[in-house]
Every structure is written in C-alpha cells, then in structure tokens.
Amino acid sequence: MTETGPRAPVSPTRRHDLDWLRIIAFGLLVLYHVGMFYVPWDWHVKSVHAGPGAEPLMSLLNPWRLSLLFFISGVAFRYLHDKSGGLTFAGERTLRLLPVLVFGMIVVVMPQTYFQLREMGEIEPGILAFWPRYIMDWEIAGIAVPTWNHLWYVAYLFVYALMLAPLMGLLKAFGRGPGAALSRLWDSRFGPVALIALGFAPMMVYRVFLVPHFETTHNLTWDWANHAISFTYLLYGVFAAKSERFWSAIDRALPLALGLTVVLGAVLTPAWALWWDQIAEHEVVLWLARAGRVLYAWTIIMTLLGLARRHLTGDGPVRRYLTEAIFPVYILHQTITVSAGYMLTRMGLDVWTEFVLVTAITYGGAFAGFELIRRIKPLRPLFGLKL
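I will try to describe carefully the structure that is included in this document. (Residues numbered from 1 in each chain as written. Predicted model: local features only at pLDDT ≥ 70, side-chain atom pairs only at ≥ 80, totals over all residues. Heavy atoms only, no water.)

1. Some points on the overall build of the chain
Phase 1: Within the chain, the secondary structure is distributed over 16 helices and 2 strands.
Phase 2: Over its C-alpha atoms the chain spans a radius of gyration of 21 Å, differing by no more than 12% from the 21 Å that the globule rule assigns to 387 residues.
Phase 3: On the principal axes, the C-alpha backbone points of the chain span a range of 65 × 55 × 40 Å.
Phase 4: Taking all 387 residues of the chain together, 52% fall into the buried category.
Phase 5: Counting contacts in the chain only where the partners sit at least 6 residues apart, residues at least 24 apart contribute 75% of the total.
Phase 6: Carbon and sulfur atoms make up 68% of the accessible area of the chain, which amounts to about 17,900 Å² in all. (Helix = DSSP H or I, 4+ residues; strand = E, 2+ residues; numbered from the N terminus. Rg over C-alpha atoms; globule rule 2.2 N^0.38 Å. Buried < 20%, exposed > 50% of the residue type's maximum accessible area, 1.4 Å probe, protein only. Contact = heavy atoms within 4.5 Å. Areas by Shrake-Rupley, 256 points an atom, 1.4 Å probe, with all protein chains shown as cover.)

This is how it looks when you write it as structure tokens:
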C-alpha cells in the first residue's frame, strides 16, 4: 500500500504501520477469546474458574477490537481496487475469502461446536461420528450447523467486498467532491476536534436507533446494528486510505485522542465493573456512559493509528513473517482455545496454571499450524495465503 501521509517515514510501496496494527489487533483478538473462556459472558465453553476478574480488561478491548480491523480492511480495499479495478477486485476477494469461509465452517470450526455440545451434555463422545451430523443437520440442540463462529469477520468482509466492488468509483467521486470539501475542515485549527466528532457522530446515531433493536448475532441477514458499525468503519478506511488531510489530522489529533482515551478508559472501567446497576437506574447517566463507550472506541482507534505512524514504521523479517502468519493464526486460534480449554479445565488445575497453558497452547498451536499450512500448497488458499 502506498503511503500518503506527510510525516510517517515508511516505505513508499507499503504501509508498515498498518501491517503492525493488523498484527497487533489480531494478536489481541486471540487473547480476547482466551479471556472469553474465563469471564461469565456467554461463550462456547467455560472454565471451571470463570468469574468477573478479567471483565475490566475485556471491556476495554471489546468496543474497538474488530472495528480497527474493519478500518484497516477498508484501507486495503481501496488500494486493491485502485490497482485492479472492480471486476478483478471482486474476483480476487472471492478467491481469497470464500475458500477460507467454506473450509473454515466445514472443518476448522466443527470442533468448537462439538465441545460446546459435549459441555451441554447434548451429544455422546466421538468427534468423527459427530462430523457428518454437523455438516448435514440444520440445527443441533438449538445451535445452527454448520456455523462460522469467529469467522463471521471473514463472511462479512467477503460480502462487503462484493458490495463495494461496483460502487467504489462512486465513493472515489464522493471523496474528490463533497468529501474533499468536508475534509478541508481537518486542515483548520479545529481539525482534530472535527475528526473526532465526524468519526463519533454516525456511531452514536447507530447506538441510539439501531443497537437497542438489533442485538449482535453474527447472523448475516439479521445483524443490522453490527453491520452498520462494521461497514461504516470499513468506509472510514476506504476514504482515509489516500487522504493526506486525514493522516495529517490524525497526527495533529494524537495528543487529544490519547488524552480522551486515557480519561474515558479510567472513568468507564469502574463504571462498568462497580456502578453499572446504579447507572442503569438513571436514563441520562446511562446514555452518557453509552456515549462515552462509543467515543472511547473511536478515540482509541485514532490513538493507535497515530502512534503506529510514529513508532511502528519499521520493516524486517519479523514484520514480513507475522504479516503472512497472522490471518491463518486467527482462523485456527479459537478452535484450539475451545478444544484445549475444554480438556484442561477438567484436569483440576489452578486458575493461573490453566490460563498459562490455554494461552500457550492457543498461540503455539496456531503458529505451528501456520508453519505446516505454509509448506503445503493445497492448504494455503484454504487459510487465506497466496499460492
């Protein structure tokens, strides 16, 4: 990807800062799903030690972890579309994402459903005997099968790519016309505040009018609040990709965005953990807290974009290795977490020993899987790697 920002000293042919952010975001997503094994929130399997201890850290990650990935995907979409055109872009995204989704649903995700149903007491032992039922049935004990679980991100990205392929020309025209006129506001003395406000406002509209009516389901046809948020962040990336004004405004807004992120995180963490029941009794205070969460999600994304432009611009074998590895690691990780967690939590280990083992097995197993996949040509496209 071509660097267009005025200050980041990166390669003219690739945005290393966004590569690093993508690596970090997926890496944190893996850790987040390990955390889901330990918090009381609904998930596929649970540790015998599950409790509220990790909730504050999980709550700080939850508002922005996927939104940042959709933003970075939007930047990539713009460069890929500019390079190849709409038809080639749609074909390339189909060849890159559809095999991952189909193979992932049929093979990779299947053990997650198996162990979930085993924990529920709905099926007998025998994963190979369960597999045909997983593929052929529509539903088992209230769980739709086959399912995509954590691969919903791939499914949504695939659909968004097909939607944008014929429309990208119109988006570019908007960016050169009304969008360019609007973005000139970012060059003014109020640019950092304007950038924060313009990113926050649509998300707050969704919070008021969509989120109360559409719970996040990861059901492609009935997930409208999640669609609105994810697709808008993707569009932010599309418009920002080649906008010098945007990246300059990110640089200028970094101190303000960082300050807001720290303050909001410090205020919201005890509010979520200690006072939420009392806050929920007062409508005005409740909506202030909800608005704070929405603002926090955007300011931390701005902060990470700004910090990465300043400090994560280096290239080398580590970046190149992780850039290729991180998507297969993402595809594999949750199945490893669920499988390892289900078995380890029945061994009578203390919580810290169990946590360290689940985490180590998840990361180690996922990277070991990548090392195998990268060497077997037929497996490469099934995990998003080029032949």
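2. Description of the packing of helix H1 (residues 16-36) against helix H16 (residues 351-373)
Phase 1: Contact geometry for H1 and H16: axes closest at 10 Å, N-to-C directions at 140°. Looking at the two axes, H1 sits oblique to H16. Like other packed secondary-structure pairs, H1 and H16 cross with a definite hand, here right-handed. Of the residues in H16, those in contact with Gly-27, Val-30, Leu-31 and Val-34 of H1 are Phe-355, Val-358, Thr-359, Thr-362 and Tyr-363.
Phase 2: Counted by class, the contact of H1 with H16 contains 6 nonpolar, 3 polar and no charged residues. (Axes fitted to C-alpha atoms, helices over the stretch in contact; angles between N-to-C directions. Parallel < 35°, antiparallel > 145°, perpendicular 65-115°, else oblique. Left-handed = near helix turned anticlockwise from the far one by under 90°. Nonpolar A, V, L, I, M, F, W, Y, C, P; charged D, E, K, R; others polar.)

3. Concerning the pattern of salt bridges
Phase 1: Tallied over the entire structure, the rule returns 17 salt bridges.
Phase 2: Arg-380 is the partner of Glu-324 in a salt bridge, and the nearest nitrogen-oxygen pair spans 3.1 Å. With Glu-324 in helix H15 (residues 317-344) and Arg-380 in the segment after H16, this pair connects stretches of sequence that are 56 residues apart.
Phase 3: Look at Glu-324 and you get partly exposed, because its relative accessible area is 25%.
Phase 4: A cluster of three or more residues bridged by salt bridges with shared partners is formed by Arg-14, Asp-19, Asp-315, Arg-319 and Arg-320. (Salt bridge = Lys/Arg side-chain N within 4 Å of Asp/Glu carboxyl O.)

4. Remarks on helix H7 (residues 152-164)
Phase 1: With 13 residues, H7 should cover 18 Å at 1.5 Å per step; its first-to-last C-alpha distance of 18 Å lies within 8% of that length.
Phase 2: Of all 13 residues that make up H7, 10 are buried, and the element is covered over most of its length.
Phase 3: If you follow the buried residues of H7, they end up packed against H1, helix H3 (65-84), helix H4 (86-108), helix H8 (168-176), helix H11 (224-240) and H15. (Expected span 1.5 Å × (residues − 1).)

5. A word on the side chain of Thr-113
Phase 1: Position of Thr-113 relative to the elements: it lies in helix H5 (residues 110-120).
Phase 2: Other than its neighbours up to four places away in sequence, Thr-113 contacts Phe-130, Tyr-134, Ile-143, Val-145, Thr-147 and Asn-149.

6. A look at a nonpolar patch on the surface
Phase 1: Together, Leu-98, Val-102, Ile-106, Ile-135 and Met-136 line one region of the surface with nonpolar side chains, adding up to about 420 Å² of accessible area.
Phase 2: Breaking the nonpolar patch down by element, the ones donating at least two residues are H4 and helix H6 (127-136).
Phase 3: Among the elements that line the nonpolar patch, the one with the most residues is H4, at 3 residues.
Phase 4: Considering the arrangement of structural elements, one finds Val-102 in helix H4. (Patch = residues over 30% accessible without salt bridge, like charges linked within 9 Å, V, L, I, M, F, W, Y side chains within 5 Å.)

7. Concerning unusual backbone geometry
Phase 1: The amide bond that connects Val-145 to the next residue, Pro-146, takes the cis arrangement and shows omega of -15°.
Phase 2: With respect to the helices and strands, Pro-146 occurs in the loop between strand E2 (143-144) and H7.
Phase 3: Notably, Ala-141 is not glycine yet its phi reads approximately 55°, a positive angle.
Phase 4: With respect to the helices and strands, the residue Ala-141 is situated in the loop between strand E1 (139-140) and E2.
Phase 5: Phi at His-218 is positive, roughly 60°, even though this residue is not glycine.

8. Description of the packing of H15 against H16
Phase 1: Two numbers describe how H15 lies on H16: the axes approach to 7 Å, and their chain directions differ by 135°. Compared by their axis directions, H15 and H16 come out oblique. You can see that H15 and H16 cross each other, and the crossing is right-handed.
Phase 2: Looking at the contact of H15 with H16 residue by residue, the classes come out as 16 nonpolar, 6 polar and 3 charged.

9. Here's the deal with the side chain of Ser-47
Phase 1: Looking at the secondary structure, you find Ser-47 in the loop between H1 and helix H2 (55-61).
Phase 2: Polar contacts involving the side chain of Ser-47 include one to the side chain of Glu-354, which spans 2.6 Å.
Phase 3: Non-local contacts of Ser-47, meaning those with residues more than four positions away in its chain, are made with Phe-37, Tyr-38, Thr-345 and Glu-354. (Polar contact = N/O pair within 3.5 Å; in protein donor to acceptor, adjacent residues only side chain to side chain.)

10. Quick notes on the packing of aromatic side chains
Phase 1: What the rule picks out here adds up to 30 aromatic pairs.
Phase 2: A centroid spacing of 5.5 Å and a plane angle of 80° characterise the contact between Tyr-233 and Tyr-236, whose relative ring orientation is edge-to-face. Linking Tyr-233 with Tyr-236, this pair stays in helix H11, spanning 3 residues, or about one helical turn. Summarising the burial analysis for this pair, Tyr-233 and Tyr-236 share the class buried.
Phase 3: Over the face of the ring belonging to Trp-287 we find Arg-290, whose NZ or CZ atom lies 4.6 Å from the ring centre. (Phe/Tyr/Trp six-rings, centres within 6.5 Å; stacked < 30°, edge-to-face > 60°. Lys NZ or Arg CZ within 6 Å of the ring centre and 35° of its normal.)

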